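Here's the letter readout for the chains.
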Amino acid sequence: MILEHNISPEIISFGPFAIRWYGLLFVTGFILTLLLTYWIFKREQKDLRHLESLALYLLLGMIIGARLGHIIFYNLSYYLENPAEIIKIWHGGLASHGAAIGVFIAYLIWTKVYKIKFTKYADLLAIGMPVTAAFVRLGNFFNSEIIGKPTDGSWGVVFKKLGEDFPRHPTQLYEALLNFLIFIILIIIYLKFYQKLPRLFLMAIYIFLYFTTRFGVEFWKERHVISADFFLSMGQILSILPVLISIGLLIYLFSTRRGKNNN
């Protein structure tokens, strides 16, 4: 089935100001993640006051990290020549890899400020993160950005707002669906096995699943290439290290547990 996408990225405008689908979906995803995490904290009898301050840290870390990630990883030369554009986040330009780094650093800073062990909340926070990621990708779809490669198959989306008349892979929707699937996997693991698992297991699984699927979807995406001769995109290169770290962490967690069981 070939679909035509001709939806305006703006829901409603007031002179120079506008409410956009991307912003609405971003906020919706973050709120749903926050509500889900609130329920998990309450279920695990964690201090809900910690979540209030933590949510602000993570939101700021996500936005700042996503912006800096876009600037550094994808368009550094442009922003060095046009530094005033750095703060104009409403012009677009957020990178998921930068957001992941920003969230990690924000959580690390929060644990130091409030003197909390890193492992105390890491797994519980990871469960809801793919929900925000999924809604962000839906926002990208409404913006007709982060588009896929042209397709001659029976399935695709024509992005009319880009002035095109041929279908592309809707990679934004692919990633949104994959993130919802990751969330389902994480919530099932949490509900059935959380008390039996070593701490940081859920976080490691989330990192592995998210960056593995991100690496795969890049093959259908119009990619930011390092050079014409290099076969991997920037998104794939940036995904390799998190995947390796998550695999190493999983091996360490289970080898440590096996060692304790043998003793």
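Structure: above.
Note that the structure is predicted; figures quoted are calculated from it, not measured.

Participant: Please provide a residue-by-residue account of the overall build of the chain, values included.
Facilitator: Regarding its fold elements, the chain presents eight helices and four strands. N-terminal to C-terminal, the α/β element order of the chain is β-β-β-α-α-α-α-α-β-α-α-α. Computed over C-alpha atoms, the radius of gyration of the chain comes to 20 Å, within 12% of the 18 Å expected from 2.2 N^0.38 for 263 residues, which places it in the range of a compact globule. For the chain, the C-alpha atoms occupy an extent of roughly 65 × 40 × 40 Å along the three principal directions.

Participant: Which residues make up the packing of aromatic side chains, and what values go with them?
Facilitator: Two descriptors summarise a pair of aromatic rings, namely the distance from one centre to the other and the angle between the planes of the rings. For the structure on display, the rule yields 18 aromatic pairs. Look at phenylalanine 135 and phenylalanine 180: their rings are 5.9 Å apart centre to centre, the planes differ by 80 degrees, and that puts the pair in the edge-to-face class. Taken together, the residues phenylalanine 135 in helix H5 (residues 122–142) and phenylalanine 180 in helix H6 (residues 171–193) connect sequence positions 45 residues apart. The exposure class assigned to phenylalanine 135 is buried, which follows from its relative accessible area of 14%. Where tyrosine 190 meets tyrosine 194, the ring centres are 5.3 Å apart and the plane angle is 55 degrees; that geometry is what we call tilted. Judged by its relative accessible area of 1%, tyrosine 190 is buried. Judged by relative accessible area, tyrosine 194 falls into the buried class, the value being 5%. Site record: aromatic cluster; members linked through ring pairs are Phe41, Tyr57, Phe104, Tyr107, Trp110, Tyr114, Phe118 and Tyr121. Seen from the ring of tyrosine 194, arginine 199 lies directly overhead, with NZ or CZ sitting 4.4 Å from the centre.

Participant: Account for unusual backbone geometry, with residues named and values stated.
Facilitator: Located in the positive-phi region is glutamine 45, a residue other than glycine, with phi close to 60 degrees. Mapping glutamine 45 onto the fold places it in the loop between helix H1 (21–43) and helix H2 (48–74). On the basis of relative accessible area, glutamine 45 is assigned to the exposed category, the value being 75%. Notably, leucine 200 is not glycine yet its phi reads approximately 80 degrees, a positive angle. On the secondary structure map, leucine 200 appears in the loop between H6 and helix H7 (201–217). With relative accessibility at 14%, the residue leucine 200 sits in the buried group.

Participant: Quick one: what's the story with the environment of tyrosine 210, residue by residue and with numbers?
Facilitator: Mapping tyrosine 210 onto the fold places it in helix H7. It is 7.9 Å that separates the C-alpha atoms of tyrosine 210 and proline 130, two residues lying 80 residues apart in sequence.

Participant: Tell me about H6, and name the residues and values.
Facilitator: With 23 residues, H6 should reach 33 Å at 1.5 Å per residue; the first-to-last C-alpha distance of 32 Å fits that figure. Taken together, the buried positions of H6 are Thr171, Gln172, Glu175, Ala176, Asn179, Ile182, Phe183, Leu186, Ile187, Ile189 and Tyr190. Of the surrounding secondary structure, the elements contacted by the buried residues of H6 are H1, H5, strand E4 (156–159) and H7.

Participant: Please provide a residue-by-residue account of the side chain of serine 53, values included.
Facilitator: With respect to the secondary-structure elements, serine 53 resides in helix H2. Within the local environment of serine 53, its side chain forms a polar contact with the backbone oxygen of histidine 50, the two atoms lying 3.2 Å apart. Setting aside chain neighbours within four positions, we find serine 53 in contact with Trp110 and Tyr114.

Participant: Would you mind going over the nonpolar core in detail, with residue names and values included?
Facilitator: One finds Tyr107, Tyr121, Ile127 and Tyr190 to be the most contacted residues of the largest nonpolar core, which totals 51 residues. Those elements that place two or more of their residues in this core are H1, H2, helix H4 (96–113), H5, H6, H7 and helix H8 (234–262). Here this core gets ten residues from one element, more than from any other, and that element is H5. Those residues in contact with tyrosine 121 that lie beyond four places of it in its chain are Phe41, Lys46, Asp47, His50, Tyr107, Trp110 and Ile116.

Participant: Talk me through the pairing of E4; I want residue IDs and the actual numbers.
Facilitator: Across the two faces of E4 the burial is the same, with Gly156 and Val158 and Val157 and Phe159 all buried. Sheet topology places strand E1 (residues 2–5) next to E4; four bridges connect them, and they run parallel. The residue bridging histidine 5 from the neighbouring strand is phenylalanine 159, located in E4.

Participant: So what's going on with the packing of H5 against H6? Which residues, and what values?
Facilitator: Contact pair H5 / H6: the axes reach a minimum separation of 8 Å and the direction vectors enclose 165 degrees. Our classification of the angle between H5 and H6 gives roughly antiparallel. The element H5 and its partner H6 pack so that their crossing is left-handed. Where H5 abuts H6, its residues Leu124, Ala126, Ile127, Pro130, Val131, Ala133, Ala134, Phe135, Arg137, Leu138, Asn140 and Phe141 lie against Gln172, Leu173, Glu175, Ala176, Asn179, Phe180, Ile182, Phe183, Leu186, Ile187 and Tyr190.

Definitions and limits used
- Residues numbered from 1 in each chain as written.
- Predicted model: local features only at pLDDT ≥ 70, side-chain atom pairs only at ≥ 80, totals over all residues.
- Heavy atoms only, no water.
- Helix = DSSP H or I, 4+ residues; strand = E, 2+ residues; numbered from the N terminus.
- Rg over C-alpha atoms; globule rule 2.2 N^0.38 Å.
- Phe/Tyr/Trp six-rings, centres within 6.5 Å; stacked < 30°, edge-to-face > 60°.
- Buried < 20%, exposed > 50% of the residue type's maximum accessible area, 1.4 Å probe, protein only.
- Lys NZ or Arg CZ within 6 Å of the ring centre and 35° of its normal.
- Expected span 1.5 Å × (residues − 1).
- Contact = heavy atoms within 4.5 Å.
- Polar contact = N/O pair within 3.5 Å; in protein donor to acceptor, adjacent residues only side chain to side chain.
- Core = buried A, V, L, I, M, F, W, Y, C linked by side-chain atoms within 4.5 Å.
- Pairing = 2+ DSSP bridges.
- Axes fitted to C-alpha atoms, helices over the stretch in contact; angles between N-to-C directions.
- Parallel < 35°, antiparallel > 145°, perpendicular 65-115°, else oblique.
- Left-handed = near helix turned anticlockwise from the far one by under 90°.

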